[in-house]
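Here are the chains, one letter per residue:
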Amino acid sequence: MDVKLAIAQSLSGATGLPAEELAGYIETPPDPSMGDYAFPCFRLAKALKKAPPAIAAELAGRLAPPPGIERAETAGGYLNFFADKAYLAGKIISRALAEGDAYGGADIGRGGNVCIDFSSINIAKPFSIAHLPTTAIGHALSRIYRALGYRVIGINHLGDWGTQFGKMIVAYKLWGENKPVEESTVRELVRLYVRFHEEAEKDGSLNDEARKWFRKIEQGDPEAIGLWQRFKDLTLKEVGEVYKLLGITFESYAGESFYEDKMQAVIDELDDKGLLVVDNGAKIVDLSEWNMPPFLIVKTDGATLYATRDLAAACYRKKTYDFVKSLYVVAYQQNLHFRQLFKVLELMGRDWAKDCEHVNFGMVSMEEGTLSTRHGNVVYLEDVLNASIEKTLEIIKEKSPDLENREEAARAVGVGAIVWGVLYNGRIKDTSFSWAKVLNFDGETGPYAQYTHARCCSVLRKAGAYDKEGVDYSLIREESAAALVRAVAQLPDAVKSAAEKNEPYLVARCVIDICSAFNKFYYECRILEDDPKLRAARLVLTDAARQSIKNGLYLLGLEAPERM
């Protein structure tokens with residue numbers, strides 16, 4: 001906000017420290033009675049060699065209140081600033097409406113490339129509820145980084161290589177009933193995959209046969225490659241419908257197979273730099289000095305692993321995209337793998353290893369146990385989304401039977417409810433999936449935020465045309481109105497913090513704060529007042545709330561229906 005920058009500039013003049021640095025320290029007090037902005041003086045204690053309360057008192061005596069600030073008061077080690085409410089409301093509301101769909105964003109990225117590896121489905125396996133966290137978090141982060149001016153390269157690192165494809169071919173040839181792959185479904189392929197494991201427990205030779213078929217794929221055998229490609233095409237066609245429902249696109253679908261011809265250069269470099277060690281026939285990078293197990297590069301039979309491909313992928317992405325950040329949105333079960341990966345890149349002399357980050361998250365499990373494709377215990381994401389849409393449509397038919405385009409609204413709200421369920425809490429939290437929880441539309445939910453947006457739109461429709469010029473912001477004086485102004489003002493900081501911490505929930509919580517503040521304002525203040533000046537002031541505030549909610553929902557991957 002301009003007011004925040006003005007405070008930082010005043011502090012800069014008094015301390016000699018950069019305004020940009022000081023602006024990053026300015027906080028919003030938890031209680032409005034403590035002011036609108038707070039500067040924690042302990043941040044300056046080391047530089048100024050004084051106790052925080054003494055610094056606060058000294059600054060309070062020297063600072064001339066900048067534009068928009070009525071006064072500054074000390075509170076222990078804090079210097080609290082009290083804003084001119086009319087000035088603050090005018091700045092925040094006019095900015096939100098002037099920037100429109102861009103409000104909340106910034107240009108701090110300035111075109112820098114950010115690679116985000118997320119979703120990363122497996123070919124010929126289900127797009128299950130277990131993929132929801134990586135998909136929703138990665139999509140939200142993609143939109144958040146774009147809003148901050150970065151160029152995002154969304155990467156779906158397909159699991160399209162490995163012995164499982166030999167198993168899939170064996171199962172298809174034995175029990176596929178000569179049905180063309182193109183006429184099958186991924187669910188039918190999964191059933192074959194499950195049957196393979198059941199039969200292989202009784203007949204171990206099936207695993208030998210599977211390894212033979214995968215070697216044929218590696219060697220470019222036309223039949224093997226043809227079946228592998230058809231499995232891949234079928235999977236991408238089906239999951240494409242789910243991504244369409246979620247509004248997700250990717251810039252790259254380069255999966256494990258893409259890096260097959262790029263691994264040897266990495267292996268040779270590791271060898272040339274003396275990092276490769278032979279251990280019982282396998283080739284490893286010894287990481288014991290950093291209290292980590294060895295990083296296995298080549299197995300005793302000469303086969304490479306996904307670790308080898310991840311090294312090749314990291315180097316390829318840097319060379320191709322010259323990223324300023326490379327994020328891996330992968331479950332916390334892979335914490336060790338990514339620590340090892342980044343350490344090996346560092347040992348290879350890649351100074352950009354520091355720009356790689358594992359964005360981990362908690363696991364999704366069924367209430368009765370962990371999800372497992374191998375044993376057929378799977379909940380398909382498509383089924384969850386469709387069930388949510390159907391439930392939402394039933395609610396709309398009951399509560400808003402005359403609503404136009406109700407199927408479209410049901411899709412937006414039903415999908416939003418599922419996505420919001422993942423993004424409203426910190427990403428590291430484990431989730432036990434249950435239909436009852438996911439399809440609960442009460443409380444601080446996506447449907448609540450979407451409904452509040454629709455309520456704002458309804459008020460503005462009823463108002464019709466009004467004078468938006470020369471609004472008297474001093475009329476926004478009730479505490480509920482001031483609280484809504486403060487909530488709207490938080491969106492830009494919430495977006496920046498979400499990117500700094502790779503935590504989309506910070507945007508979700510901000511959206512709920514705006515919704516809660518608007519609904520309180522809606523019930524306590526008559527918006528469609530007869531007095532045209534008061535009416536205009538309350539309508540521009542309503543419009544700023546609408547815009548902020550819409551933008552926050554978009555960043556999280558949710559739509560903002562205008563009618564519900």
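Heads up: the structure comes first, above all this text.
Since the model is a prediction, treat every value here as computed from it, not as a measurement.

A. Highlighting unusual backbone geometry. Even without being glycine, Ser 120 reaches a positive phi, approximately 45°. Structurally, the position occupied by Ser 120 is in the loop between strand E4 (113-117) and helix H6 (132-147). Here the phi dihedral of Ala 124 falls at roughly 65°; this positive angle occurs in a residue that is not glycine. Residue Ala 124 is classed as buried on the basis of its relative accessible area of 2%.

B. View of the nonpolar core. The biggest cluster of nonpolar side chains holds 152 residues, and the ones touching the most others in it are Phe 39, Phe 231 and Trp 420. Discounting chain neighbours no more than four positions away, the residues touching Phe 39 are Leu 11, Leu 22, Tyr 25, Ile 26, Leu 44, Gly 77, Tyr 78, Leu 79 and Phe 81. Counting 35 residues, the second largest nonpolar core, distinct from the first, contains Ala 254, Val 266, Leu 311 and Ala 353.

C. Highlighting the sheet that holds strand E3 (residues 78-83). Pairing within the open sheet is antiparallel, and its 3 strands lie in the order E1-E3-E2. In this open sheet, the two strands that pair with only one neighbour each are strand E1 (37-40) and strand E2 (69-75). Between one strand axis and the next, the sheet turns through 20° on average, direction left out of account. Where E2 meets E3, 6 bridges bridge the pair, whose relative direction is antiparallel.

D. Region of interest: the packing of aromatic side chains. Counted under the stated rule, the structure contains 20 aromatic pairs. Their ring planes at 85° and their centres at 5.3 Å tell us that Tyr 522 and Tyr 523 sit as a pair that is edge-to-face. For Tyr 522, a relative accessible area of 30% puts it in the partly exposed group. Ring-pair connections join several aromatic residues into one group, and the members of that group are Phe 118, Phe 127, Tyr 243, Phe 250 and Tyr 253. Over the ring of Phe 323 we find Lys 318, and its NZ or CZ is 4.9 Å from the ring centre.

E. Expanded view of the packing of helix H19 (residues 491-501) against helix H20 (residues 505-524). Running from N to C, H19 and H20 point in directions that differ by 160°, and their axes come no closer than 8 Å. Judged by the inter-axis angle, H19 sits roughly antiparallel to H20. With respect to the hand of their crossing, H19 and H20 are arranged in right-handed fashion. In this structure, H19 uses Leu 491, Ala 494, Val 495, Ser 497, Ala 498 and Lys 501 to contact H20, whose residues at the interface are Leu 506, Val 507 and Cys 510. Of the residues contributing to the contact of H19 with H20, the split by class is 7 nonpolar, 1 polar and 1 charged.

F. Structural detail: the state of the cysteines. All chains considered together, the criterion is met by 0 disulfides. With no disulfide of its own, Cys 115 lies 8.9 Å from the sulfur of Cys 356, the closest cysteine sulfur. Residue classification places Cys 115 among the buried residues on the basis of a relative accessible area of 0%.

G. Fine view of helix H5 (residues 85-99). Taking 1.5 Å of rise per residue, 15 residues should cover 21 Å, and H5 covers 21 Å from first to last C-alpha, within 8% of that figure. Buried residues belonging to H5 abut helix H1 (2-15), E1, E3, helix H18 (479-489) and helix H21 (532-555). Sitting at the amino-terminal end of H5 is Asp 84, which places a side-chain oxygen 3.1 Å from the backbone nitrogen of Ala 86. Looking at the residues trailing H5, positive phi occurs at Gly 100, about 60°.

H. Fine view of the pattern of salt bridges. Throughout the structure, instances matching the rule amount to 34 salt bridges. Across the pair Lys 354 and Asp 355 runs a salt bridge whose closest N-O atoms are separated by 3.8 Å. Lys 354 sits in the exposed class, given a relative accessible area of 64%. Residue Arg 538 is joined to Glu 529 by a salt bridge in which the shortest nitrogen-to-oxygen separation is 3.6 Å.

I. Spotlight on the environment of Trp 352. Its place among the elements puts Trp 352 in the loop between helix H13 (335-347) and strand E10 (356-359). Each C-alpha atom of the pair Trp 352 and Asn 519 lies 47 Å from the other, and the pair is 167 residues apart in sequence. Among residues more than four places away in sequence, those in contact with Trp 352 are Ala 314, Cys 315, Lys 318, Phe 323 and Leu 345.

J. Representation of the pairing of E10. Of the strand pairs in this sheet, strand E9 (residues 325-329) and E10 are connected by 4 bridges, and their pairing is parallel. Directly across from Leu 327, in E10, lies its bridge partner Glu 357. Handedness of the crossover joining E9 and E10 through H13: right-handed.

K. Highlighting helix H8 (residues 186-200). Between its terminal C-alpha atoms H8 stretches 21 Å, which fits the 21 Å expected from 15 residues at 1.5 Å a residue. Looking at H8, one finds that the buried residues are Val 186, Leu 189, Val 190, Leu 192, Tyr 193, Val 194, Phe 196, His 197 and Ala 200. Its buried side turned inward, H8 meets helix H7 (163-175), helix H9 (205-218) and helix H10 (222-246).

L. Highlighting the environment of Ile 137. The topology assignment puts Ile 137 in helix H6. Considering only alpha carbons, one finds Ile 137 and Leu 539, 402 residues apart in sequence, at a separation of 34 Å. Contacts of Ile 137, omitting those with residues within four sequence positions, involve Val 329, Phe 361, Val 422, Leu 423, Arg 427 and Pro 504.

M. Structural context of the packing of H7 against H9. For the pair H7 and H9, the least separation of the axes is 7 Å and the interaxial angle reads 110°. The orientation of H7 relative to H9 falls into the category roughly perpendicular. Here H7 and H9 pass one another in a crossing that is right-handed. Every residue of H9 that contacts H7 at Thr 163, Phe 165, Gly 166, Lys 167, Ile 169, Val 170, Lys 173, Leu 174 and Trp 175 is listed here: Leu 206, Asn 207, Glu 209, Ala 210, Arg 211, Trp 213, Phe 214 and Ile 217.

Cut-offs applied
- Residues numbered from 1 in each chain as written.
- Predicted model: local features only at pLDDT ≥ 70, side-chain atom pairs only at ≥ 80, totals over all residues.
- Heavy atoms only, no water.
- Helix = DSSP H or I, 4+ residues; strand = E, 2+ residues; numbered from the N terminus.
- Buried < 20%, exposed > 50% of the residue type's maximum accessible area, 1.4 Å probe, protein only.
- Core = buried A, V, L, I, M, F, W, Y, C linked by side-chain atoms within 4.5 Å.
- Contact = heavy atoms within 4.5 Å.
- Pairing = 2+ DSSP bridges.
- Axes fitted to C-alpha atoms, helices over the stretch in contact; angles between N-to-C directions.
- Phe/Tyr/Trp six-rings, centres within 6.5 Å; stacked < 30°, edge-to-face > 60°.
- Lys NZ or Arg CZ within 6 Å of the ring centre and 35° of its normal.
- Parallel < 35°, antiparallel > 145°, perpendicular 65-115°, else oblique.
- Left-handed = near helix turned anticlockwise from the far one by under 90°.
- Nonpolar A, V, L, I, M, F, W, Y, C, P; charged D, E, K, R; others polar.
- Disulfide = S-S within 2.5 Å.
- Expected span 1.5 Å × (residues − 1).
- Polar contact = N/O pair within 3.5 Å; in protein donor to acceptor, adjacent residues only side chain to side chain.
- Salt bridge = Lys/Arg side-chain N within 4 Å of Asp/Glu carboxyl O.
- Right-handed = clockwise from strand over helix to strand, strands pointing away.

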